[in-house]
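For reference, the chains in residue letters:
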Amino acid sequence: GYLICSCCLSPDHEFRFMLVNQMQRDLISSNLLECQGALVAVTNLITSDLVTTVSTQVIGLLDHTSEIVRKKAIIALHRLHQLSPDAVTMDELVDKLRKMLCDRDPSVMGSTLNAIEAMARVDVRPFKDLVPSLVSVLKQICERRLPSEYDYHRIPAPWMQMKIVRILSVIGKNDSQSSEGMYEVVADCLRKADEAGINASNAIVYECIRCITTIYPNPVLLDAAGASISRFLSSRNQNLKYLGVTGLASIVERHPKYAADHQLAVIECLEDKDETLLRKTLDLLYRMTNPVNVEFITDRLLHFLRGSTDPYMKKDLTGKICTIAERYAPNNAWYVRTITELFKIGGDMVDPAVATNLMSLIAEGTGNEDDDEEADMVLRKQAVELYVSILGNPPNRMPRVLVETLAWVLGEYGYLSSTMTLDYIIDSMCTLLQSGNTAKLGGGAATTRRLVLSAIMKMVAQYGSCPAAAAKCIDEYTKSEDPDTQRRCLEFMAMLTTAPYLLGEVFPIDASLEDVEVDVGLSFMNGLVAEAVSNGARPYQKPDDDDDDDVYGGGASAAGASAFKMTPYEKPSEKTYGQGQMHGLGSTSMGPTGAANVALPPGGAMNAHGGGGVTPMPVAQPANDGLTLRSTANVWGKKPAAPAPMAPATNSFAATTNSFANSNTINSPTSSGGYGGSSSYGGSSSYGGSSSYGGYGASQPAPAPAAPQKTAEQIQKERMAAALFGGISATQPPAPPPPSASTPVIATPQGQWGAKPTAAAPPPTPITPAAPVPAPAPV
């Protein structure tokens, strides 16, 4: 009945209220099946307003004699806290979890770990002092103190091990004192799991790697994690390779030197046919990007984006390319080329803000007033040549963002082109607009057509005369169904026929960043108003009171309840011009007729008198400039966040006396990927070489084998790896500071489960009483 109700009733169904009485009876029943069924129903059927009706009974079941009831009660109590934190408070739940963590039955302890992990990810502070207890539990599991029925393929309680390791990683994140207390047990857990070499142990190794890369860094543990990652990457099993790439991605973000030993492995994964492995490798490339290898990595990401058909992967790659290009671009010209190529490949996936930032960069240049203006002009000229080449040979399909960016760049700076004359650019734009191929016009949206028309009008003003193709195109769009497009064309026609000298003021050259001055008071109409008043017109008088509310809302009392929107409309962004007609355009001259090859705008062709000469502008030479902007979002030239300096210190457990210091299994052969290996990471240290780790890694490094003969394919891969890993630093990661002298002492469940350890293991700690022992409150 509980199962049917949980599957068929919605959370707000009224029948749920009728189930509460039955749940209360079952929760206090002496029948184990009825009690267990009620606890399962509590997690599925109880809503937030019914928590108080069953919380008392659930708390009472934490002391039940049956371990099955106790572990279900823990899960139910955690669910009640999630539903109503006021009914089951955080302090009350944490206190119960501390008590159940020391339960005499391991299965109850395992259920408690689930609730602790979920709560620690929300707020870790109440669990900071549980590190000794969790370390003690994990140590007993690794030493096989649990009964054999908890083993899985000879691995002792692998799910409990992984759960505890995950909790330790949450507690030890950015906390050197808590991390010091878990170094030893994490190292032991990693070593023993790495020696087993089966799927269950590989899962534990992966969780240990994630924990090591999350907690406060320790050089010896990082070396051990690097050795395990190397074993994963060198495996023929695709699943283990995936784990290796994932682990390398987690370690390389904070400690990039560990990626240097796996250069060729990463390159081989890039050529793998397994799509999941390929995706994870691309994510690894994204994480290890730096100013040195950004060009190579961006080229690889663009290559995979070009051949991808998965929309999710294309969206993800597009965002990553935009991020690393903005953050690590070597210069502005490279950024313009890269983003334009991205527009061509995946423009539909690009955020429109990226195109806005690109146009701002071209308009502002370096954004530094002290820099020479010639460098900014060179950047604009390079952008113009890039988009002119696209316009001359347009692809079969151009995304909308590419068409709009092309139109803006050529409309503003088309006169800078040295490969294509301005009149030819105008003809090409008109051909693109009138081709009827919406795929080449970014889908043919009305806004895109308006931007292309505006670009044509700007270039006509720069050219000094209206070519026949432009006149025909604008005349056709005077009959457009889009009112905005029609208005623009009619206004432009009116200026051409009645006041061509105004084009220089309406379409100024390189004025995209200039502020538009708006006369809010309309002072230019004062003369007209004065003349009308002198002729007998009545002066305008603003009404003292607006009676609209009295008419529609029932007087002043109803004004506040009016349903009308009282917020004023925004000011229009378009200027209003008079309309006129165009007669005989195509050969109309505005001032001097344009030359056959006009590379620069006329200096005074659109002045107040309608004439003038063309003054050539100097063209600067290319220069490498930093990617900076003056008034756009602060995304240009971001640098990777440098890790905070940390004082070196010895490990807290370097002098501890336990089984790790004298164990002969620690100095395992180098090929096993465990502790004591002689392979170095980054060329600076070997495991157990320079830092003290309780006697780990005392063996001498083995002599390097003779280098085999390299094939042409290996040489090519090494060249790619050199471009990819060129910016990886080989600096040793900082050691954590010494632990604080004041460490809270917590009662831990030492040696209370299962059989005694074997003779090879260290002597067990005293066994705690069988009754549940609550842990003391946090110090």
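On a predicted model such as this, the values are computed, not experimentally measured, just so you know.

Helix and strand counts for the chain come out as 31 helices and two strands. The buried share of the chain, taken over its 779 residues, is 46%. The contacts in the chain between residues at least 6 apart in sequence include a share of 71% that link residues at least 24 apart. If you sum the accessible surface of the chain, you get close to 38,700 Å²; carbon and sulfur atoms cover 54% of it.

The residue Thr213 is located in helix 12 (residues 199-214) in this model. Given a relative accessible area of 6%, Thr213 falls into the buried group. Not counting residues up to four positions away in its chain, the partners in contact with Thr213 are Ser250, Ile251 and Arg254.

Right, let's get into the environment of Met23. With respect to the helices and strands, Met23 occurs in helix 2 (residues 15-27). Overall, the relative accessible area of 1% leaves Met23 in the buried class. C-alpha of Met23 to C-alpha of Glu34: the two residues are eleven residues apart in sequence and 9.1 Å apart in space. Ignoring sequence-local partners within four residues, the contact set of Met23 consists of Tyr2, Ala38, Ala41, Val42, Leu45 and Ile46.

Right, let's talk about the packing of helix 22 (residues 400-413) against helix 24 (residues 446-463) for a bit. Helices that pack against each other are described as a pair by the angle of their axes relative to one another and the distance between those axes. As a packed pair, helix 22 and helix 24 sit with axes 8 Å apart at the nearest point and diverge in direction by 15°. Taken together, the axes of helix 22 and helix 24 lie roughly parallel to each other. Classified by chirality, the crossing of helix 24 by helix 22 is left-handed. Contact residues: Arg400, Val403, Glu404, Ala407, Leu410, Gly411 and Glu412 in helix 22; Thr447, Thr448, Leu451, Val452, Ala455, Lys458, Met459 and Gln462 in helix 24. Counted by class, the contact of helix 22 with helix 24 contains seven nonpolar, four polar and four charged residues.

A word on the side chain of Arg300. Structurally, the position occupied by Arg300 is in helix 17 (residues 294-307). Buried charge without a salt bridge: Arg300, with Asp299 as the nearest opposite-charge side chain at an N-O distance of 5.3 Å. Contacts of Arg300, omitting those with residues within four sequence positions, involve Leu270, Leu285 and Met720.

Let us look at the pattern of salt bridges. It is possible for side chains bearing opposite charge to pair when their charged atoms get close. This structure, assessed with the given rule, holds 32 salt bridges. The salt bridge partner of Asp188 is Lys192, with a shortest N-O separation of 3.6 Å. Of this pair, Asp188 and Lys192 both sit in helix 11 (residues 183-196), four residues apart, which is roughly one turn of the helix. Relative accessible area serves as the criterion here: at 2%, Asp188 is assigned to the buried category. The partner of Glu341 in a salt bridge is Arg306, and the shortest N-O contact between them spans 3.1 Å. On the criterion of sequence distance, the pair formed by Glu341 in helix 19 (residues 332-346) and Arg306 in helix 17 is long-range, its members being 35 residues apart. By relative accessible area, which is 47% here, Arg306 ends up partly exposed. Bridged by salt links that share partners, the residues Arg450, Asp482, Asp484, Arg487, Arg488 and Glu491 form one connected network.

Turning next to the packing of helix 12 against helix 14 (residues 238-252). Look at helix 12 against helix 14: their axes get within 9 Å of each other, and the N-to-C directions meet at 10°. Classified by the angle their axes make, helix 12 and helix 14 are roughly parallel. Of the residues in helix 14, those in contact with Asn202, Tyr206, Ile209 and Thr213 of helix 12 are Leu240, Leu243, Thr246, Gly247, Ser250 and Ile251.

Reading fine detail from the predicted coordinates is not recommended where pLDDT is low. Confidence in the prediction of the chain, expressed as mean pLDDT, is 76, and 70% of residues score 70 or more. Within the chain, the lowest mean pLDDT, 37, falls on helix 30 (residues 659-662), and the highest, 95, falls on helix 9 (residues 158-172). Every residue in residues 576-701 is under pLDDT 50, and counting partners more than four places away or in other chains gives 262 contacts. The low-confidence segment residues 729-751 (pLDDT under 50) makes 78 contacts with residues lying over four places distant or belonging to another chain.

What follows deals with a nonpolar patch on the surface. Taken together, the side chains of Leu522, Phe524, Met525, Leu528, Val529 and Val533 make up a nonpolar region of the molecular surface, amounting to roughly 560 Å² of accessible area. Here Leu528 shows up in helix 28 (residues 526-534). On the accessibility criterion, Leu528 (55% relative accessible area) is exposed.

Taken as a whole, helix 25 (residues 468-476) has its buried residues at Ala470, Ala471, Cys473 and Ile474. Looking straight down helix 25, one finds its buried side chains confined to an arc of 165°; they lie on one side. Those residues of helix 25 hidden inside the fold are in contact with helix 23 (422-434), helix 24 and helix 26 (483-498).

Now for the state of the cysteines. Under the counting rule described, the total for this entry stands at zero disulfides. No disulfide involves Cys189; its sulfur sits 3.8 Å from the nearest other cysteine sulfur, which is in Cys208. Accessibility expressed as a relative area gives 1% for Cys189, which makes it buried.

Attention now moves to the nonpolar core. Core analysis: the biggest nonpolar cluster contains 189 residues, and Phe343, Met429 and Ile456 have the highest contact counts within it. Sequence-distant contacts of Ile456, that is, excluding residues within four places in its chain, are made with Ile426, Met429, Cys430, Leu433, Ala470 and Cys473.

The next subject is the packing of aromatic side chains. Here the structure, examined in full by the defined rule, presents three aromatic pairs. Where Tyr152 meets Trp159, the ring centres are 5.0 Å apart and the plane angle is 70°; that geometry is what we call edge-to-face. The class of Trp159 is exposed, set by a relative accessible area of 55%. Ring centres of Phe492 and Phe507 lie 5.9 Å apart, and the angle between their planes is 65°; on these two criteria the pair is classed as edge-to-face. A residue pair is termed long-range when its members are at least 10 positions apart, and Phe492 in helix 26 and Phe507 in the loop between helix 27 (503-506) and helix 28 qualify at 15 residues. The exposure classification of Phe492 matches that of Phe507, with both residues buried.

Let us now look at the environment of Ala363. Secondary-structure assignment places Ala363 in helix 20 (residues 352-364). Overall, Ala363 belongs to the buried group, its relative accessible area being 5%. In sequence terms Ala363 and Met377 are 14 residues apart; their C-alpha atoms lie 9.3 Å from each other.

Glancing now at unusual backbone geometry. Among all residues save glycine, negative phi is the norm, and among peptide bonds the norm is trans. Of note, Arg154 is a non-glycine position whose phi angle comes to about 70°, a positive value. Residue placement: Arg154 occurs in the loop between strand 1 (151-152) and strand 2 (155-156).

Structurally, the position occupied by Tyr387 is in helix 21 (residues 373-392). Between the C-alpha atom of Tyr387 and that of Ser417, which follows or precedes it by 30 residues, the distance is 9.8 Å. Side-chain polar atoms of Tyr387 contact the side chain of Thr340, separated by 2.9 Å.

What counts and how
Residues numbered from 1 in each chain as written. Predicted model: local features only at pLDDT ≥ 70, side-chain atom pairs only at ≥ 80, totals over all residues. Heavy atoms only, no water. Helix = DSSP H or I, 4+ residues; strand = E, 2+ residues; numbered from the N terminus. Buried < 20%, exposed > 50% of the residue type's maximum accessible area, 1.4 Å probe, protein only. Contact = heavy atoms within 4.5 Å. Areas by Shrake-Rupley, 256 points an atom, 1.4 Å probe, with all protein chains shown as cover. Axes fitted to C-alpha atoms, helices over the stretch in contact; angles between N-to-C directions. Parallel < 35°, antiparallel > 145°, perpendicular 65-115°, else oblique. Left-handed = near helix turned anticlockwise from the far one by under 90°. Nonpolar A, V, L, I, M, F, W, Y, C, P; charged D, E, K, R; others polar. Lys, Arg positive; Asp, Glu negative; His and termini not counted. Salt bridge = Lys/Arg side-chain N within 4 Å of Asp/Glu carboxyl O. pLDDT = per-residue confidence, 0-100. Patch = residues over 30% accessible without salt bridge, like charges linked within 9 Å, V, L, I, M, F, W, Y side chains within 5 Å. Arc of directions from axis to C-beta. Disulfide = S-S within 2.5 Å. Core = buried A, V, L, I, M, F, W, Y, C linked by side-chain atoms within 4.5 Å. Phe/Tyr/Trp six-rings, centres within 6.5 Å; stacked < 30°, edge-to-face > 60°. Polar contact = N/O pair within 3.5 Å; in protein donor to acceptor, adjacent residues only side chain to side chain.

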